[in-house]
Amino acid sequence: MAVELCLLLLLLCGSTISEVQPIYKPPPGTLDFGFVPSKMYDTGAYHEPGPIGILFKIVHAFLYLVQPNSFPQDLIRKLAQQKFGNTQGDYQKAIYYEIGFIVSTALGLVFILLLPLVGLCFCMCRCCDNCGGEMHQRQKKNADCQRSCFATFLFVASLIISVGVLCAYAANQHLTNQVRGAKKLVNSNFKDLKIFLNDTPAQIDYLVSQYNTTKDKALSDLNNVGPLLGSRVQEQLGKEVRPALDAALTMAGAIRETKEALENVSVSVEVLQEGTERLHANLTDVKTHLSNTLNDSACSATQAASTCNIIRNSLNQLSIHANFSGLPGVSSQLAKVNDVLKIDLSSLVQKGYAAFNDTPDLVVNQTRNILSDIKNVLDSIGSNITTFTKTLPVQKILADLTVYLTQSEAYVQDYFPIVEQYDFYRWLGCLILCCMLVLILVFYYLGLLCGTCGYDKHASPTTRGCISNTGGNFLMAGVGFSFLFSWVLMIVVVLTFVTGGNVEKLVCEPFEDKTLFKILDTPYLLNQHWKNYLSGILFKNPDINLTFEKVYSDCKENKGIYTSLQLEHLFNINEFLNISMYTEDVALKIEHIQINLSKIILLDEIGKENLLNFSSSGIEGINFAAYLAEINKSVTKVDLLSFANDLEARADQLPKGALENALKGHANSIRMIHNQQVVPLEQAMKYVKARSTLNQSIRLLKRTSSELTVKVKNVISSVNTAQLLINNNASLVIVQETKKYMDTIVGYFEQYIEWVKESIAMEVAACKPIANVIDTAVDIFLCSYVTDSVNTFWFGLGGSSIFLIPAIIFAVKLSKYYRRMDTEDVYDDTENGNNGYHKEHLYGIHNPVFTSSVEQW
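Residues numbered from 1 in each chain as written. Predicted model: local features only at pLDDT ≥ 70, side-chain atom pairs only at ≥ 80, totals over all residues. Heavy atoms only, no water.

A few words on the overall build of the chain. Check the secondary structure of the chain and you find 28 helices and two strands. Across the 857 residues that make up the chain, the buried fraction comes to 46%. Expressed as a percentage of contacts within the chain between residues at least 6 apart in sequence, the contacts between residues at least 24 apart total 87%. Counting only carbon and sulfur atoms, one obtains 58% of the accessible surface of the chain, whose full area is about 42,500 Å². (Helix = DSSP H or I, 4+ residues; strand = E, 2+ residues; numbered from the N terminus. Buried < 20%, exposed > 50% of the residue type's maximum accessible area, 1.4 Å probe, protein only. Contact = heavy atoms within 4.5 Å. Areas by Shrake-Rupley, 256 points an atom, 1.4 Å probe, with all protein chains shown as cover.)

Before going further, it helps to examine the packing of helix α2 (residues 53-66) against helix α14 (residues 466-512). The description of two packed helices rests on the angle between their axes and on the distance between the axes. Where α2 meets α14, the closest approach of the two axes is 11 Å, and the angle between their N-to-C directions is 90 degrees. Between α2 and α14, the crossing angle belongs to the class labelled roughly perpendicular. For the pair α2 and α14, the contacting residues are His-60, Phe-62, Leu-63, Tyr-64 and Val-66 in the first and Phe-497, Gly-501, Glu-504 and Lys-505 in the second. Counted by class, the contact of α2 with α14 contains five nonpolar, two polar and two charged residues. (Axes fitted to C-alpha atoms, helices over the stretch in contact; angles between N-to-C directions. Parallel < 35°, antiparallel > 145°, perpendicular 65-115°, else oblique. Nonpolar A, V, L, I, M, F, W, Y, C, P; charged D, E, K, R; others polar.)

Our focus in this paragraph is a nonpolar patch on the surface. Side chains of Tyr-411, Tyr-415, Ile-418, Tyr-422, Phe-424, Tyr-425, Leu-428 and Ile-432 sit close together on the surface and give an oily, nonpolar patch of about 820 Å² of accessible area. Here Leu-428 shows up in helix α13 (residues 394-454). A residue is classified by how much of its surface remains accessible, and Leu-428, at 35% relative accessible area, is partly exposed. (Patch = residues over 30% accessible without salt bridge, like charges linked within 9 Å, V, L, I, M, F, W, Y side chains within 5 Å. Salt bridge = Lys/Arg side-chain N within 4 Å of Asp/Glu carboxyl O.)

Soluble, globular proteins show a tendency: their nonpolar side chains are buried together. One finds Tyr-211, Leu-222, Leu-378, Ile-381, Ile-745, Tyr-752 and Trp-755 to be the most contacted residues of the largest nonpolar core, which totals 57 residues. In this structure, Phe-111, Ile-161, Leu-433 and Cys-434 belong to the second largest nonpolar core, which totals 48 residues. (Core = buried A, V, L, I, M, F, W, Y, C linked by side-chain atoms within 4.5 Å.)

Counting through the fold element by element, Gly-108 comes out in helix α4 (residues 88-127). When sequence neighbours within four positions are dropped, the list of residues in contact with Gly-108 reads Met-490 and Val-494.

Within the secondary structure layout, Asp-199 lies in helix α5 (residues 143-209). With 161 residues separating them in the primary sequence, Asp-199 and Ser-38 have C-alpha atoms 6.7 Å apart. Beyond its immediate stretch of four places on either side in the chain, Asp-199 contacts Ser-38 and Lys-39.

Considering all chains together, one arrives at two disulfides under this definition. A sulfur-sulfur distance of 2.1 Å marks the disulfide that ties Cys-508 to Cys-783. The sign of the -100 degrees torsion about the S-S bond sets the Cys-508-Cys-783 disulfide as left-handed. Residue Cys-508 is found in helix α14, and its partner Cys-783 is found in helix α26 (residues 768-802); the two are separated by 275 residues along the sequence. Its relative accessible area of 6% is what places Cys-508 among the buried residues. On the basis of relative accessible area, Cys-783 is assigned to the buried category, the value being 4%. (Disulfide = S-S within 2.5 Å.)

What follows concerns the pattern of salt bridges. By the definition in use, this model includes seven salt bridges. Among the salt bridges present, the one from Glu-409 reaches Lys-194, with a minimum N-O distance of 2.8 Å. You can see Glu-409 sitting in helix α13 and its partner Lys-194 sitting in helix α5, a full 215 residues away along the chain. Put simply, Asp-775 and Lys-556 hold a salt bridge, and the shortest N to O gap is 2.3 Å. Separated by 219 residues along the polypeptide, Asp-775 in helix α26 and Lys-556 in helix α17 (residues 548-556) bring together distant segments of the chain.

Our focus in this paragraph is unusual backbone geometry. Backbone geometry places Lys-514, a non-glycine residue, at a positive phi of 65 degrees. Along the chain, Lys-514 falls in the loop between α14 and α15 (515-520). Residue Lys-514 is classed as partly exposed on the basis of its relative accessible area of 27%. The phi angle at Asn-558 is positive, at roughly 65 degrees, despite the residue not being glycine.

The next point concerns helix α10 (residues 345-357). Owing to its 3.6 residues per turn, the α-helix brings residues three or four apart onto one side. The end-to-end C-alpha distance of α10, which contains 13 residues, comes to 18 Å, matching closely the 18 Å that a straight helix rising 1.5 Å per residue would cover. Looking at α10, one finds that the buried residues are Leu-345, Ser-346, Leu-348, Val-349, Gly-352, Tyr-353, Ala-355 and Phe-356. (Expected span 1.5 Å × (residues − 1).)

On to the side chain of Asp-775, then. When its relative accessible area of 1% is taken as the criterion, Asp-775 is described as buried. Only 2.4 Å separates the side chain of Asp-775 from the side chain of Tyr-552, close enough to count as a polar contact. Apart from residues no more than four positions distant in its own chain, Asp-775 is found in contact with Ala-45, Phe-511, Tyr-552, Lys-556 and Ile-780. (Polar contact = N/O pair within 3.5 Å; in protein donor to acceptor, adjacent residues only side chain to side chain.)

A separate point is the packing of aromatic side chains. Per the stated rule, a full pass over the model turns up 21 aromatic pairs. Taking the centre distance of 4.5 Å and the plane angle of 40 degrees together, the rings of Tyr-411 and Tyr-415 count as tilted. Taken together, the positions of Tyr-411 and Tyr-415, both in helix α13 and four residues apart, correspond to about one turn of that helix. For Tyr-415, a relative accessible area of 42% gives the class partly exposed. (Phe/Tyr/Trp six-rings, centres within 6.5 Å; stacked < 30°, edge-to-face > 60°.)

All right, on to the confidence of the model for the chain then. Considering every residue of the chain, the mean pLDDT works out to 75; 74% of them sit at 70 or more. Across the chain, the secondary-structure element scoring lowest on mean pLDDT is helix α1 (residues 2-12), at 33, and the one scoring highest is α2, at 92. When the criterion is pLDDT under 50, residues 1-28 qualifies, and its contacts beyond four places in sequence or with other chains add up to 80 contacts. Long-range and interchain partners of residues 828-857, a stretch whose pLDDT sits below 50, account for 59 contacts in this model, where long-range means more than four residues apart. (pLDDT = per-residue confidence, 0-100.)

Looking now at the packing of α5 against helix α27 (residues 804-818). One way to put it is that α5 packs onto α27 with a least axis distance of 9 Å and a crossing angle of 145 degrees. Here α5 and α27 pass one another in a crossing that is left-handed. Contacts between α5 and α27 involve Ala-143, Gln-146, Arg-147, Phe-150, Ala-151, Phe-153, Leu-154, Ala-157 and Ile-161 on the former and, on the latter, Leu-804, Ala-807, Phe-810, Ala-811, Lys-813, Leu-814, Tyr-817 and Tyr-818. Tallied by class, residues from the contact of α5 with α27 come to 14 nonpolar, one polar and two charged. (Left-handed = near helix turned anticlockwise from the far one by under 90°.)

So, on to the side chain of Asn-532. Secondary-structure assignment places Asn-532 in the loop between α15 and α16 (533-539). Beyond its immediate stretch of four places on either side in the chain, Asn-532 contacts Pro-542, Asp-543, Ile-544, Asn-545 and Leu-546.

Written out as structure tokens, the structure reads:
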């Protein structure tokens, strides 16, 4: 059976476990394999005794007082190895360990031997009218006090005995109830074992089927080799290529901006030249006419000479300040730039972008054959896994184990009625023992009831009533049955105490703290030639460190049985299915991927020549300072309104006449020129826009022309460097990215293997039912059901038996006060005055009226 079980467990991992190489870096994306299908086990290997558990704890505490010593591991090992007794110290250690049980058992044996003997002697003594057998009671002053004390002590002892009987009965009934309910627990364990066997094939199939998840993900990445591998290559090369193309595209934009700026300069200068030339002509005319007026004879007069001289000296201010006519033209530069723009540099750069962005498609086209081979390898892996799992006789072994399990269950079911029948006999026997004590208690309680209720303190011992006398007879009957039954009860108590107590101390407690497993795991204990017994049985190799404690703990944690039993030592699946071999094939084929990107042209020679032509267009020769200087000048040298007002004021200083009027007329002409020409030049949108456009364009040209030749050379150098990287050094980048791509694909298989190993270790064929079977058999049935109940039974029964001794004493003493006596003490009436008897009759006087022949004992 063990071999078959090993084979089954071996098959659980047959399709999955293999040696895997360390996980590559960086780690691949996480795959979701779902959850291994499993059913919940019904058995809860835990027993809650309920209210009676308080009694169990009390009994455990009592056993600890009797036996506080630790578990004797060395003695048990020697006993198992048949070496016990080789040294004198072994017996001393055993006696020391069992001293509590030995002393308790010895006391029980003394009780068994002495109590019947004492009872026999007591009966014989009473037959001889001794030991209280004489039906005569001497009068005492404290008789009432003694009677009350004896009755109280007997009642207390009876209560304690009653509590012990109840404990014994409860333990007896609890054991019967648990035995009857054990059938459900046993069926639950068998059900879990069937689930354990039936779910295993489905779990194996699920593990195998999840290879398709791995394969599908790998195929998905292979089908997307362009976006994955190609994009990675493109991303790495793009660190050099894209900045170069961006610079070239920026330069193409600069050429267009330069053309627009040159055109704006040309147009703006023409507009400004037109306005300033007309203003210059008008100011020249006004200055000529004003000069002619000042040359008039009237200015020679003494009163006007100084004023005319002042006006004559200020005539030079009547001229334009910003002269755009003298600025150099930009027509030659514009012509060269137009020649450069005949070639669309932007389009050439965009072609370079397009060619570079086609990298994923180039990768797809150049890896088509290799990827087809890789897909074939993946299909062959899946086929090999499926074929191998079909060759394993999983179903046959599971069927055999299922048949064995079914037969075992039928065997248990057949014998369970017999167990219940024998348990009924046991229950009946224990009930009879309890009834013995109940019978004694009935006599005691009836004796106390009748004696207390029927007692008349005014009646003399010879005149006591029938009820009181009956109570005394009940007490003596209880005493008689106590002597008859007590030794039988104590025999049962001693036997169950020795058995149940040692089972609790030597089995249940060490099982709970796993000390028992440590004993079983002792090297060379169960087989003197095997260091590890369990591995010797399963693998025929006792050197493998497989222990009962480890197996039980792993199964308790519901780990897979492959891990729990270390079945890799029995069946090395790597010899049959080595997935690492296939992953190496996949890796080698991926490493052979060769990608040629030399067809990518970033910028052809025409584009480069176009850039050089732009650098020699001559825009750096433009006199930007002259343009900016004229732009920043005002329209006229002097404010014409101020000049006209000043001229009119000076005319008012002249004598009235033609000269004054002529000068005022010139002042009005100047005002008219200012309003009609200067103001438009300063405020009209046409001229303002022309001036602003000229300013912006000149500054743009100045920035563009700054080190233009160096900039163009740098752009061409960047493009050449990127092109050189693509043509010559791209292979290194491709190898690096191909390695990462390979790591991703292979990583999927490694994830699958790791998931399978973890599933085999923790989920597939989880062996919790095996631990449950052990817990059910030992912890629940043997310890909780049987041992705790038996220990509680002897604890209650033993306590009741011990308290029979004081009950016997108190019952005998008390019966004297309840029973009707044959004779009594008589006292003198004159001295006592209460009894009506004479003092001289100190001896007992026979009273034939109240003599009873049935009161002799």
